[in-house]
Amino acid sequence: MKQKLGSIYRKLYAHFGPQHWWPGDSALEVMVGAILTQNTNWGNVEKAIGNLKGRRLLSAKKLYQISQRRLASLIRPAGYYNIKAKRLKEFLRFLFKNYQGNIKRMSRQDPQQIREQLLSVNGIGPETADSILLYALNKPVFVVDAYTRRILSRHQLIPEDASYDEIQNLFRKHLKKDVKLFNEYHALLVRLGKVLCLKKKGKCSLCPLK
DNA sequence: CACCAGGCAAGTA
DNA sequence: TACTTGCATGGT
């Protein structure tokens, strides 16, 4: 397995090159994007973030103060806008309650502890929590998503119903615990899932892993 | 028209 | 515990 995961990474990197994730100008922007992109196309998220940026609202303080109603209307292009506005507000309340709205303060905590705290926020599940840890706070945590599960299971590396933690542990056990590697590997798996016919109903044909 | 997107929580049995 | 459903816009 160690061999397998390493060789998959090398093939993906050779084929696609560096992915430059996460697109975003600040840790806060990455965190907001992580919530907005839940089950949603990234292009739609960019429009929503653009609306916030255009009104100079992309700061912890502003987002904390703005009404949930107004926030919802601004993030509308990202879909599920009512529930996502609620989730963003929940996250900001958490950020202010525990860290005075200061992300650097948050980043100083132990990663495992941050993860547990994030998971206790309504609207933040394992993938969103891990995306925040890896891409906003630069902690060496592997992010598992639907593509990761689909690609690994279609290559017979895991059962189709493997749990999030099982898959995450696989990468943690067999790869060097390295922020840069985890960053690139997850982004490459997403890239692979996108460009190939690896959609929900697709087969893994023309696969650059072969 | 159908299908999909960088999930998650709440409801049901 | 193990399924199912709601959430919603925008691109292909």
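Worth saying up front: this structure is predicted, and the values here are computed from it rather than measured. (Residues numbered from 1 in each chain as written. Chains lettered and ligands numbered in written order. Predicted model: local features only at pLDDT ≥ 70, side-chain atom pairs only at ≥ 80, totals over all residues.)

Describing the nonpolar core
At step 1: Ranked by size, the top nonpolar core spans 48 residues in total, and within it Leu36, Ala48, Ile75, Leu88, Ile132 and Leu133 carry the most contacts.
At step 2: In this structure, this core is formed jointly by two domains, domain 1 (2–20 + 142–195) and domain 2 (27–136), each of which donates at least three residues.
At step 3: Once residues lying within four places of it in the same chain are set aside, the contact partners of isoleucine 132 are Met31, Ala34, Leu118 and Leu137. (Core = buried A, V, L, I, M, F, W, Y, C linked by C-beta atoms within 7 Å. Buried ≥ 20, exposed ≤ 12 C-beta atoms within 10 Å, placed from the backbone. Domains from an automatic or database assignment. Contact = placed C-beta atoms within 7 Å.)

Description of the domain arrangement of chain A
At step 1: For chain A, the assigned domains are domain 1 (2–20 + 142–195) and domain 2 (27–136).
At step 2: Put simply, the middle of domain 1 and the middle of domain 2, counted by C-alpha atoms, are 25 Å apart.
At step 3: Its residues placed into classes, the side of domain 1 that touches domain 2 shows four nonpolar, one polar and one charged. (Nonpolar A, V, L, I, M, F, W, Y, C, P; charged D, E, K, R; others polar.)

Some points on helix 12 (residues 179–195)
At step 1: Between its first and last C-alpha, helix 12 extends 25 Å over 17 residues, near the 24 Å set by a 1.5 Å rise per residue.
At step 2: When we look at burial in helix 12, the residues that qualify are Phe182, Asn183, Glu184, Tyr185, His186, Leu188, Leu189 and Leu192. (Helix = DSSP H or I, 4+ residues; strand = E, 2+ residues; numbered from the N terminus. Expected span 1.5 Å × (residues − 1).)

Observations regarding helix 3 (residues 42–54)
At step 1: Taking 1.5 Å of rise per residue, 13 residues should cover 18 Å, and helix 3 covers 18 Å from first to last C-alpha, within 8% of that figure.
At step 2: Every buried residue belonging to helix 3 is among Val45, Ala48, Ile49 and Leu52, and all of these are buried. All buried residues of helix 3 lie within an arc of 95° about the axis, which places them on one face of the element. With respect to the buried face of helix 3, the exposed residues turned more than 90 degrees away are Gly43 and Gly54.
At step 3: Remark: arginine 56 follows helix 3 within two positions and exhibits a positive phi of approximately 55°. (Arc of directions from axis to C-beta.)

Looking at the environment of asparagine 82
At step 1: With respect to the element layout, asparagine 82 can be found in helix 6 (residues 81–99).
At step 2: Taking C-alpha positions, asparagine 82 is 37 Å from lysine 177, a pair spaced 95 residues apart along the chain.

Overview of the environment of arginine 93
At step 1: Structurally, arginine 93 can be placed in helix 6.
At step 2: The exposure class of arginine 93 is partly exposed, given the 13 C-beta atoms found within 10 Å.
At step 3: Residues arginine 93 and valine 45, spaced 48 residues apart in sequence, show a C-alpha to C-alpha distance of 22 Å.

Things to note about the packing of helix 2 (residues 27–36) against helix 3
At step 1: Viewed as axis vectors pointing N to C, helix 2 and helix 3 meet at an angle of 130°, and their least axial separation amounts to 10 Å. The angle between helix 2 and helix 3 places the two elements in the oblique class. The two elements helix 2 and helix 3 meet at a crossing, and its hand is right-handed. From helix 2, Glu29, Val32, Gly33 and Leu36 reach across to helix 3, where they touch Val45, Ala48 and Ile49.
At step 2: For the contact of helix 2 with helix 3, the per-class residue count stands at five nonpolar, one polar and one charged. (Axes fitted to C-alpha atoms, helices over the stretch in contact; angles between N-to-C directions. Parallel < 35°, antiparallel > 145°, perpendicular 65-115°, else oblique. Left-handed = near helix turned anticlockwise from the far one by under 90°.)

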